[in-house]
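Examination of the molecular architecture
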Amino acid sequence: MKLYALSDLHVSHPHNRRAFERLGARPDDWLILAGDLCESPDDLAFVFGVATARFAKVFWVPGNHELWSVPKGSARGVARYEALVALCREAGVVSPEDPYVAWPGPGAPCVIAPLFLLYDYSFRPAGVPAEAALDWALEEGLLCTDEALLHADPYPSKAAWCRARCEQTVARLAALDPGCETVLVNHFPLRYDLSSTPAIPRFSIWCGTRRTEDWHRRFRARAVVSGHLHIRATAYRDGVRFEEVSLGYPRQWRAEAGVDAYLREILPGPSP
């Protein structure tokens, strides 16, 4: 039995959609879908249908693309997120609003913890004040599409929504048995030093929150899973394995390998 992870499927691209539809069956294994699967609820239902037909259990966390209010006039902010959680429940997919699921495989007691934390523009150099973060990115011609399509209603800002989500999540994680390890799953990286996109470094402000910098230690992570960067990588911090598990846009992966080649094994995972 294995736990795999994959993110950033972007199935609105026909190339990616067709490839994901050919995903092989692993009826004894579990799958994490770590966000940015698509933009529309219909496409999300398609992804869930493929995944649940091939894996014994499926987990999902939202990326920024799922939270975009498209088409124009569709649900915004919390209402949008709650509608996506409802889709999870219809499909039998575990969301951040469900109880954490215990891993039945070998090793110390461990739970899979899907998180929805968003970002608050704090992934920026110390010399850049919060109120200047957007201007700092604009100096390099960067403006994330989220600024037009991702809304925080009824919160006054995405930073406020992020703060609320972090506070709620800390309470849940702190309530776990102290002898229990975790697999922390969030679309956005949990650490600033793992949020780098070398071609566009100032994009970091849309990549997470410094509130989570120590969560891998604080909540006894066996592994931390994220996507968003479209830069597949394995890194270690304090002996904890961090996995960026993006597939990406069609130009960012090899079609001849198939989507199966990009599944990342999280548990049991590689030997130390």
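Conventions used here
Residues numbered from 1 in each chain as written. Predicted model: local features only at pLDDT ≥ 70, side-chain atom pairs only at ≥ 80, totals over all residues. Heavy atoms only, no water. Helix = DSSP H or I, 4+ residues; strand = E, 2+ residues; numbered from the N terminus. Rg over C-alpha atoms; globule rule 2.2 N^0.38 Å. Buried < 20%, exposed > 50% of the residue type's maximum accessible area, 1.4 Å probe, protein only. Contact = heavy atoms within 4.5 Å. Areas by Shrake-Rupley, 256 points an atom, 1.4 Å probe, with all protein chains shown as cover. Lys, Arg positive; Asp, Glu negative; His and termini not counted. Charge placed at Lys NZ, Arg CZ, Asp CG, Glu CD. Pairing = 2+ DSSP bridges. Axes fitted to C-alpha atoms, helices over the stretch in contact; angles between N-to-C directions. Parallel < 35°, antiparallel > 145°, perpendicular 65-115°, else oblique. Left-handed = near helix turned anticlockwise from the far one by under 90°. Nonpolar A, V, L, I, M, F, W, Y, C, P; charged D, E, K, R; others polar. Salt bridge = Lys/Arg side-chain N within 4 Å of Asp/Glu carboxyl O.

**Section: the overall build of the protein**
Of the regular secondary structure elements, the protein holds eight helices and 10 strands. Here the C-alpha atoms of the protein give a radius of gyration of 18 Å, agreeing with the 19 Å that 2.2 N^0.38 yields for 272 residues. Projected onto the principal axes, the alpha-carbon positions of the protein cover approximately 50 × 45 × 35 Å. Each of the 272 residues in the protein was classed as buried or not, and the buried ones make up 55%. Nonlocal contacts in the protein, meaning residues at least 24 apart in sequence, comprise 74% of its contacts between residues at least 6 apart. Per element, the accessible surface of the protein, about 11400 Å² overall, is 54% carbon and sulfur. Here the protein holds 30 positive side-chain charges and 33 negative ones, and the gap between their average locations is 2 Å.

**Describing the sheet that holds strand E3 (residues 55-60)**
Read across the open sheet, the four strands follow the order E3-E2-E1-E10; overall the sheet is mixed. In this open sheet, the two edge strands, each paired with only one partner strand, are E3 and strand E10 (264-267). Within the sheet, the average angular offset between the axes of one strand and its neighbour, ignoring direction, is 30 degrees. Relative to E10, strand E1 (residues 3-6) is paired through three bridges, and the arrangement is antiparallel. Bridge pairing in E10 links Leu3 to Leu267. The strands touched by helix H2 (residues 41-54) within the sheet are strand E2 (26-33) and E3, with E3 carrying the most contacts at an inclination of about 145 degrees.

**Let's talk about the packing of H2 against helix H4 (residues 77-91)**
The geometry of H2 relative to H4 is characterised by a closest axis approach of 10 Å and an angle of 30 degrees between their N-to-C directions. One way to sum up the angle between H2 and H4 is to call them roughly parallel. Here H2 runs over H4; the crossing is right-handed. Facing Pro41, Leu44, Phe48 and Thr52 of H2, the residues of H4 in contact are Arg80, Leu84, Leu87, Cys88 and Ala91. Residues belonging to the contact of H2 with H4 are distributed by class as follows: seven nonpolar, one polar and one charged.

**Some remarks on the environment of Gly179**
Considering the arrangement of structural elements, one finds Gly179 in the loop between helix H7 (158-174) and strand E6 (181-185). Residue classification places Gly179 among the partly exposed positions, given a relative accessible area of 49%. Sequence separation between Gly179 and Cys110 is 69 residues, and the spatial gap between their C-alpha atoms is 8.8 Å.

**Things to note about the pattern of salt bridges**
Close approach of charged atoms allows side chains with opposite charge to pair. Under the defined criterion, the tally for this structure stands at 17 salt bridges. Notably, a salt bridge pairs Arg191 with Asp193, separated by 3.0 Å at the nearest N-O pair. One salt bridge connects Glu243 with Arg241, and the closest N-O pair in it is separated by 3.0 Å. Each member of the pair Glu243 and Arg241 is classed as buried. Look at the salt bridges and you will find they share partners, linking Glu139, Glu140 and Arg202 into a network.

**Points about the packing of helix H1 (residues 14-21) against H2**
Their axes nearest at 10 Å, the elements H1 and H2 cross at an angle of 25 degrees. By the criterion of interaxial angle, the relationship of H1 to H2 is roughly parallel. Here the hand of the crossing between H1 and H2 comes out left-handed. Contact residues: H1 offers Arg17, Phe20 and Glu21, while H2 offers Asp43, Phe46, Val47, Val50, Ala51 and Arg54. Partitioning the contact of H1 with H2 into residue classes produces five nonpolar, no polar and four charged.

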